[in-house]
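Given next are the chains, with one letter for each unit.
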Amino acid sequence: MKLKRNKALSQILPRPVAFVLSGGTSLGAVQVGMLMGVFEAGIVPDLLVGTSVGAINAASVGQGFTKSRLQHLASIWSELKTSDVFGRPGLRSVLGLLSGRGALSSSDNLFRLLEENLPQSHSDLVIQTAVVATEFHTGRPAILSEGDLALNVLASSAIPMIFPRVSVGGRQLVDGGVVAHVPLAQAEMLGAQTMVVFDAGYPCKLSKLPKGPIEKALHFITLMLHRQSFGLLSVLNQNLTVIYLPAPCPLDVPAYDFSQGSRLISAGFKSARSFLSQLSLTGPGIYGNPHLHDDPMHEAIEVVNGVPLLKFLNQVEDSLHI
């Protein structure tokens, strides 16, 4: 796809500008399309903060937010296969998981992929990049912004039960999505004044149910984690500018299917491009909202000026904009 650069929007955003990338496993391909849409809109990041697959994409973009880098990232996602990420779970791995000694999949394939495509250290990146993991023993978020880049990204992507935990600096770490599926709070802690949020969404329209152990585990985890962002937006500093890019909807690709990369990239690009073309900034506030549906879980939730709020709460911040 052809990308045309527009610098107007970038010039009016308060800096530093952070790109905040969520988890989402195979739906991370959506973020690549979103990144292309944001590139076309002329928004340039000063900081990248990612969780899980968002950490992988952030570490790639940290090498340079350029047309060629995005095209290279798109080519990786378009050719990616599920076997490139997950091994085949055998009886031994299932028994190991049940006994508390292992995980359903080895992370060897994923680590090899990271080492082949990422520089050795955070210091080798041209854009400041932080990835978020979770401390296994305490449940606290761990912001990793220096040292072994591939190892840090692996820790951020160590989905519980799917991949084994990762030791970094003496700490046992698992996937950052456990505590920060969309690392908004971490971006705020790192000094962001503007956040552009790349939330990959969730598969809201699957045609068939997951069958295998990895497929079932990933589907359950995806459904649980995507709800985190509903409450996070309301506690952010009111002086921040948050551009929450819409995830494509409906999404019919399960989080364990890596064969639909090209289609997801295209959908993410179209969604971001359409949203940004109509965006009108009038000051600090939240523009856009997470992937939200009218289901029983959300009967007590309504979107007011772009922010999901419980209906019994009467406080609506005047600073919020759609």
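The structure this text deals with has already been given above.
Each residue is numbered by its place in its chain's sequence as written, counting from 1. Local features are withheld for residues below a pLDDT of 70 in this predicted model, meaning they are given only at 70 or higher, and side-chain atom pairs are given and counted only at 80 or more; totals for whole chains, interfaces and linings count all residues. Only hydrogens and water are set aside; all other atoms, that is, all heavy atoms of the structure, feed into the side-chain values.

Undergrad: For the overall build of the protein chain, give the residues involved together with the corresponding values.
TA: Tallying secondary structure elements over the protein chain gives 13 helices and eleven strands in all. The classification of residues rests on relative accessible area computed with a 1.4 Å probe and restricted to protein chains. Under 20% of the type maximum is buried, over 50% is exposed, and intermediate values are partly exposed. The 322 residues of the protein chain split such that 53% are buried. Contacts were defined at the residue level, with two residues in contact if any of their heavy atoms lie within 4.5 Å. For the protein chain, the proportion of contacts with a sequence separation of at least 24, taken over those separated by at least 6, is 77%. Computed with a 1.4 Å probe, the accessible areas rest on the Shrake-Rupley method; for each residue, only the protein chains presented here act as cover. Carbon together with sulfur atoms contributes 53% to the accessible area of the protein chain, which is approximately 14,500 Å² in total. Going along the chain from the N terminus, every DSSP run of H or I of four or more residues is numbered as a helix, and every run of E of two or more is numbered as a strand.

Undergrad: An account of empty space enclosed by the protein is requested, with residue identities and associated values reported.
TA: Both site types are read off a 1 Å grid over the protein atoms alone. A 1.4 Å probe that fits but cannot get out defines a cavity, while an open set with protein on both sides within 12 Å along at least five of seven lines defines a pocket; lining residues have an atom within 4 Å of a point. Grid points are joined across faces, edges and corners, and a volume is the space filled by probe spheres set on the points. Following the criterion strictly, the structure yields two cavities of 30 Å³ or more and no others. The calculated volume of the largest cavity comes to roughly 290 Å³. Broken down by secondary-structure element, the contributors of at least two residues to the lining of the largest cavity are α3 (53-61), α4 (67-79) and α7 (108-117). When residues in the lining of the largest cavity are grouped by element, the largest group, four residues, is from α7. Its residues assigned to classes, the lining of the largest cavity comprises 14 nonpolar, six polar and no charged. When residues are sorted by character, Ala, Val, Leu, Ile, Met, Phe, Trp, Tyr, Cys and Pro go into the nonpolar class, Asp, Glu, Lys and Arg into the charged class, and all the rest, Gly among them, into the polar class.

Undergrad: Which residues make up the side chain of Ser 26, and what values do they have?
TA: Topologically, Ser 26 is positioned in the loop between β1 (17-21) and α2 (28-41). Discounting chain neighbours no more than four positions away, the residues touching Ser 26 are Trp 77, Pro 254, Ala 255, Tyr 256, Asp 257, Phe 258 and Leu 264.

Undergrad: How would you summarise the pairing of strand β6 (residues 171-175) if you had to cite specific residues and measurements?
TA: Strands qualify as paired when DSSP identifies two bridges or more between them. Bridge analysis of strand β3 (residues 128-135) against β6 gives three bridges, and the strand direction is antiparallel. Of the residues in β6, the one forming a bridge with Ala 133 is Asp 175. Relative to β6, strand β5 (residues 166-168) runs antiparallel, the two being bridged by three bridges. What sits directly across from Val 168, in β6, is Arg 171. Taken together, β5 and the strand that follows it, β6, pair antiparallel across an intervening segment of two residues, in which Gly 169 is found at a positive phi of about 60°.

Undergrad: Would you mind going over the side chain of Ser 60 in detail, with residue names and values included?
TA: The topology assignment puts Ser 60 in helix α3. If sequence neighbours within four positions are ignored, Ser 60 has contacts with Arg 69, Leu 73 and Leu 118.

None of the figures reported here should be taken as evidence of function without further support.
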